[in-house]
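Topology and contacts: notes
Listed below, chain by chain, are the residues.
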Number of protein chains: 2
Amino acid sequence: MRRWWPSLPCLEWGRQYTRATLVGDAVAALIVTIMLIPQSLAYALLAGLPPEVGLYASVAPLLLYAVFGSSRVLAVGPVAVVSLMTAAAIGDLAAPETPAYWQVAITLAFLSGAMLLAMGLLRLGFLANFLSHPVISGFITASGLLIAASQLRTLLGVKAEGHNLPQLLWALAQQLPRAHGLTLTVGAGCVAFLFWARKSATRLLLRLGLAPLAADMLAKAGPVGAIALTTGLAWALDWSGQGLKIVGHVPQGLPPLTWPAWDPALWRQLAVPALLIGVVGFVESVSVGQTLAAKRRQRIGPDQELVALGASNLAAAFTGGFPVTGGFARSVVNFDAGAQTPAAGVFTALGLLAASLLLTPALHYLPQATLAATIVVAVLSLVDFGMLLRTWRYAKADFAAVAATLGGTLLLGVEQGLMVGVTLSLALHLHHSSRPHIAEVGLVPGTEYFRNVRRHAVQTSPQLLSLRVDESLYFANARALEDRVNDEVAANPQLRHVVLQCSAINDIDASALESLEAIDHRLREAGISLHLSEVKGPVMDKLQRTELLRYLGRRVYLTHFQAVSALAPDLVHHPLN
Amino acid sequence: MRRWWPSLPCLEWGRQYTRATLVGDAVAALIVTIMLIPQSLAYALLAGLPPEVGLYASVAPLLLYAVFGSSRVLAVGPVAVVSLMTAAAIGDLAAPETPAYWQVAITLAFLSGAMLLAMGLLRLGFLANFLSHPVISGFITASGLLIAASQLRTLLGVKAEGHNLPQLLWALAQQLPRAHGLTLTVGAGCVAFLFWARKSATRLLLRLGLAPLAADMLAKAGPVGAIALTTGLAWALDWSGQGLKIVGHVPQGLPPLTWPAWDPALWRQLAVPALLIGVVGFVESVSVGQTLAAKRRQRIGPDQELVALGASNLAAAFTGGFPVTGGFARSVVNFDAGAQTPAAGVFTALGLLAASLLLTPALHYLPQATLAATIVVAVLSLVDFGMLLRTWRYAKADFAAVAATLGGTLLLGVEQGLMVGVTLSLALHLHHSSRPHIAEVGLVPGTEYFRNVRRHAVQTSPQLLSLRVDESLYFANARALEDRVNDEVAANPQLRHVVLQCSAINDIDASALESLEAIDHRLREAGISLHLSEVKGPVMDKLQRTELLRYLGRRVYLTHFQAVSALAPDLVHHPLN
């Protein structure tokens, strides 16, 4: 069933392409293009890059995703969280809005793409499982807060820096008296309008008689309206002359051909951020893709998605872009607008290509505060404090992971926060699984069944200890079994036999084998013999390649009842054998 | 049963102390003291420290371990692997044999002790489970090789440096023509004698009529004999004048009172090595302690051991020592010589204190090559290439962990090698557990049982899919369930119901809950309903605090048969309800 090479899903949908599919794709592409123009500019600014880089990063990646992607409707390009991570990764290495900074961004996209591609070809998609849901959730909320806070600078028209959220907010509070009135008015106005457009515009448009889909699409074009209006006003009223920051000159032309920096020292510095950006982008993208695919009973292949996102990021690196991934909002719009195949992505790419060729002069007077407003409104929907409450109620370990990631990201930074979360959730998982459920079992009188001595009235013998391990034994929990057996032996001086009922053990790794050998060795030193019962077939196959069974000799019993019948015959009232 | 504070085991054994115990402890202490004097000097040199520091590190830690330790016979002090790790940690920070280097060693012992103590008080002993047996095994073998190679310098009387084993061996090969004849003769002679003493001396002494225990003890005193002989010869024949390196002036006196450096920058640099040294020492110590305790049906408490080793290392830091742990060879000798309680450790400490007060002038002419020979012979017993073969036969994943740790340690260094091993074994474990066993089950005709459709002749319905998950669901494997359900839904257009049989699920974490909600959401979008059956009590309690059950409504069935009876009545030939 599993293929071991990446496929070309475009061959499949390309063959069934019809005129109806074309119309659906073209309409969706038009709507997504209109939505993406302001988003691309805004996220490029968020990443600390010139606005046109956002357009460049939205062309080639979409084309490559159309070739390799397994989702029919995923829209790839710059997204908020990845742009924030990009800014955090480059921040210490180059000054924003310089060619060196752009070069590092290109290199970051290259490394991230190469890692994703390699992970896809090696089928390492499971590595994304390291990012548990609480970690992702805490990280996304923290990112939303960090991004919103960083945009407050632009909305207030002041300069403020900080290495973490409290520092940044404190710097902003100090700058508050110097806020630029016009900038603040434009920014606050846009934020208010965009929130209204998001919450209430659809309802208004429906009441005005528009069809539901059209009303929804028009409401989603809110940012475009805000941009057109404020750009027009900035031009007509010479807001720039009054101190309002505008986007300024945006070069007109095709995305440039670029090369990543071939600098091993830089690669080493970018390795961890590139991996984190790739994996976070992958997790976000796959969850969007799976949700949308399921609605049409389609499926996506996680390893194929790694290949497609890897190729998309490499494409971004060679065409002047920066790290990209599948975005939530744009993919949902693409889906709702009726996109049927990744050809919609190709048409969107063409639309953005046209925009970067023709539209950039029109963006000269676009106020930066307007773009900041679109970002703030977009990212505040990422913020979900409810997760803290839900995980607190559900399980304290999950709550700890959310809280640590959230706090770590806000106070230490995006990479550090993710690392804290991943480390903590792994540690908690290991802690949990290092204490396997081990029950002492006894014979249910008159039967051949064995049950937990703590929950049932069962018969036991002081000379024989029956332990049932309810999990597979591996390095993290093998020592717990050693400890338990040691404790029981120390507590029961009459003990002569220990029988492990292995019915729930699906695997025994080399560490656990070593533990069993150590247990066997120590028991023999103390004059006690170790026996196994009900060992599963695959586990028995593995054990037969070891010395343990040689020591144990014939002391592996098919059923626990046989073991007890042989070792403590007085316990068994109605012997069978 | 579990106490949440460290105890003082010395109160327990101290109350039952008798004259017989005293005699046993005193005899054992005498033998261990004789064995420890050369070992302490040699391991201090291995760590790059003056020889007397080895004596200092063998006094106070033994006293503290006697107060806090839960093992009756563990002997704490400098050991080979920890000394190597100490040298590796300090190598880049200070020049060997300088006061600055010693100061860093003291700080390392302090940090390592503080971390162990904190882990013990917080009951974080489970963190040692991160070091799986293959990782430990590969690391110990690599350490043995690295230590032996590093001692070849001293045995050849040349200078050679290398950042990894191939570099070091290459540098040694180039220096071979410049080897110092006398040094090589003394060194090779000692190595040959010590190997003989280890392998054959006991047999010879037995044939000469000694009692078995006495013969064994005398054979173990081989290093002392070699030291006495070569020191005497070096003094009598003025070997030092002929270019043989001797230990030289060793200060006479009590261990000094010292303070770790209070330098946050240094602490940051030492944090990872200190943690690794602490954990490796703990793992080594606990496995020795457990093995010896079991022989007398005693037990040791891992968290108590963390406290005891932490206190021992703190004691080392304040008395001019360096990182210590429970040693294998010395603990076995202590046990075999009849030590009954940690009082033997107190007497050993007094013996070593006497040695550092009185004996150091006698060590002036001790050839360094003799000490190197004792190290080489001691550590080559750590080397076990058989582990590669055994794990290769047993399980490829375990083999990969051994090989990566071994190769990483030899080529990259001790810390890096451990990190590579830990990361790889965690990744392999996650990879393994990210693919839980999920079986499609069907009804065994004429019964209420459900079995795997691949192994049994069972009845299924195209409208109903029954899946049984054979493991607890958590972040690493939740996505696999999502993928499986997505695949099945895409493949079966007639599907109307999915029932998850949860009989083997012991826990569902927040990530897995999110996955279940996503599955439920996507299935509903596709017109399919999700049901659960046979949910265990504790899991049901957790789920009842969530929104999932509200969505699922009454669709949680007590038995899988009830679920199928309700959802696909045509499948059930003899309806019960």
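Since this is a predicted model, take the numbers as computed values, not measurements.

Quick word on the overall build of chain A
- Helix and strand counts for chain A stand at 24 helices and eight strands.
- In terms of overall dimensions, chain A has C-alpha extents of about 100 × 60 × 55 Å along its principal axes.
- Residue burial in chain A is summarised as follows: out of 577 residues, 54% are buried.
- For chain A, the proportion of contacts with a sequence separation of at least 24, taken over those separated by at least 6, is 79%.

Some thoughts on the interface of chain B and chain A
- At the junction of the two partners, chain B supplies 47 residues and chain A supplies 47 residues.
- Within the residue set of the side of chain B that touches chain A, elements represented by two or more residues are α7 (133-156), α12 (264-295), α17 (386-394), α19 (414-433), α20 (475-491) and α21 (510-525) of chain B.
- Sorting elements by how many residues they give to the side of chain B that touches chain A places α20(B) first, with nine residues.
- Its residues assigned to classes, the side of chain B that touches chain A comprises 18 nonpolar, 14 polar and 15 charged.

Focus: the environment of B:Val81
Residues and elements named next belong to chain B.
- Within the element layout of this structure, Val81 appears in helix α5 (residues 80-91).
- Separated by 154 residues in the primary sequence, Val81 and Trp235 place their C-alpha atoms 32 Å from one another.
- If sequence neighbours within four positions are ignored, Val81 has contacts with Ile140, Ser143, Val280 and Glu284.

Let's talk about the domain arrangement of chain A
- In terms of domains, chain A is made up of domain 1 (9-425) and domain 2 (438-571).
- Each of domain 1 of chain A and domain 2 of chain A has a C-alpha centre, and these two points are 55 Å apart.

Re the sheet that holds strand β5 (residues 464-469) of chain B
Residue and element names in this part refer to chain B.
- The strand order across the open sheet formed by six strands is β4-β3-β5-β6-β7-β8, and the pairing between neighbours is mixed. At either margin of the open sheet sits one strand with a lone partner, and together these are β4 (450-452) and β8 (556-557).
- In this sheet, β4 lies alongside strand β3 (residues 438-443) in antiparallel orientation, the contact comprising three bridges. Pairing of Gly442 across the sheet is with Arg451, part of β4.

Some details on the relation of the copies chain B and chain A
- Relative to chain A, chain B is turned by 180° and slid 0.0 Å along the rotation axis, the superposed coordinates differing by an RMSD of 0.0 Å. This pairing of chains is accounted for by a two-fold axis.
- Interface overlap between copies is the fraction of interface residues in one copy that are interface residues in the other; for chain B against chain A it reaches 100%, indicating a shared surface.

Considering the environment of B:Leu371
- Here B:Leu371 lies in helix α16 (residues 368-380).
- Along the chain, B:Leu371 and B:Gly253 lie 118 residues apart, while their C-alpha atoms are 22 Å from each other.

Some points on the packing of helix α4 (residues 60-68) of chain A against helix α13 (residues 302-318) of chain A
Residues and elements named next belong to chain A.
- For the pair α4 and α13, the least separation of the axes is 8 Å and the interaxial angle reads 155°. One element, α4, and the other, α13, form an angle in the roughly antiparallel class. As α4 runs across α13, the sense of the crossing is right-handed. The segment α4 lies against α13, with Ala60, Pro61, Leu63, Leu64, Tyr65 and Phe68 engaging Val307, Ala308, Ala311, Ser312, Asn313, Ala315 and Ala316.
- Tallied by class, the residues present in the contact of α4 with α13 amount to eleven nonpolar, two polar and no charged.

Some remarks on the sheet that holds strand β5 (residues 464-469) of chain A
Residues and elements named next belong to chain A.
- Taken in spatial order, the six strands of this open sheet run β4-β3-β5-β6-β7-β8, and their pairing is mixed. Every other strand in the sheet has two partners, leaving β4 (450-452) and β8 (556-557) as the edge strands with one partner each.
- Both strand β6 (residues 497-501) and strand β7 (residues 529-533) contribute to a ladder of five bridges, which runs parallel. Within the sheet, the bridge partner assigned to Gln501 lies in β7 and is Ser533.
- Its contacts with the sheet place helix α24 (residues 560-567) against β3 (438-443), β4, β5, β6, β7 and β8, and it is angled at close to 170° to β6.

A closer look at the pairing of β3(A)
All names here are of chain A.
- With three bridges connecting them, β3 and β5 associate as antiparallel partners. The residue of β5 that forms the bridge with Ala439 is Arg468.
- The antiparallel pairing of β3 with β4 creates a hairpin that spans six residues between the two strands, and Gly446 there sits at a positive phi of about 80°.

Scoring rules and cut-offs
- Residues numbered from 1 in each chain as written.
- Chains lettered and ligands numbered in written order.
- Predicted model: local features only at pLDDT ≥ 70, side-chain atom pairs only at ≥ 80, totals over all residues.
- Helix = DSSP H or I, 4+ residues; strand = E, 2+ residues; numbered from the N terminus.
- Buried ≥ 20, exposed ≤ 12 C-beta atoms within 10 Å, placed from the backbone.
- Contact = placed C-beta atoms within 7 Å.
- Nonpolar A, V, L, I, M, F, W, Y, C, P; charged D, E, K, R; others polar.
- Domains from an automatic or database assignment.
- Pairing = 2+ DSSP bridges.
- Least-squares fit on C-alpha atoms with pLDDT ≥ 70 in both.
- Axes fitted to C-alpha atoms, helices over the stretch in contact; angles between N-to-C directions.
- Parallel < 35°, antiparallel > 145°, perpendicular 65-115°, else oblique.
- Left-handed = near helix turned anticlockwise from the far one by under 90°.

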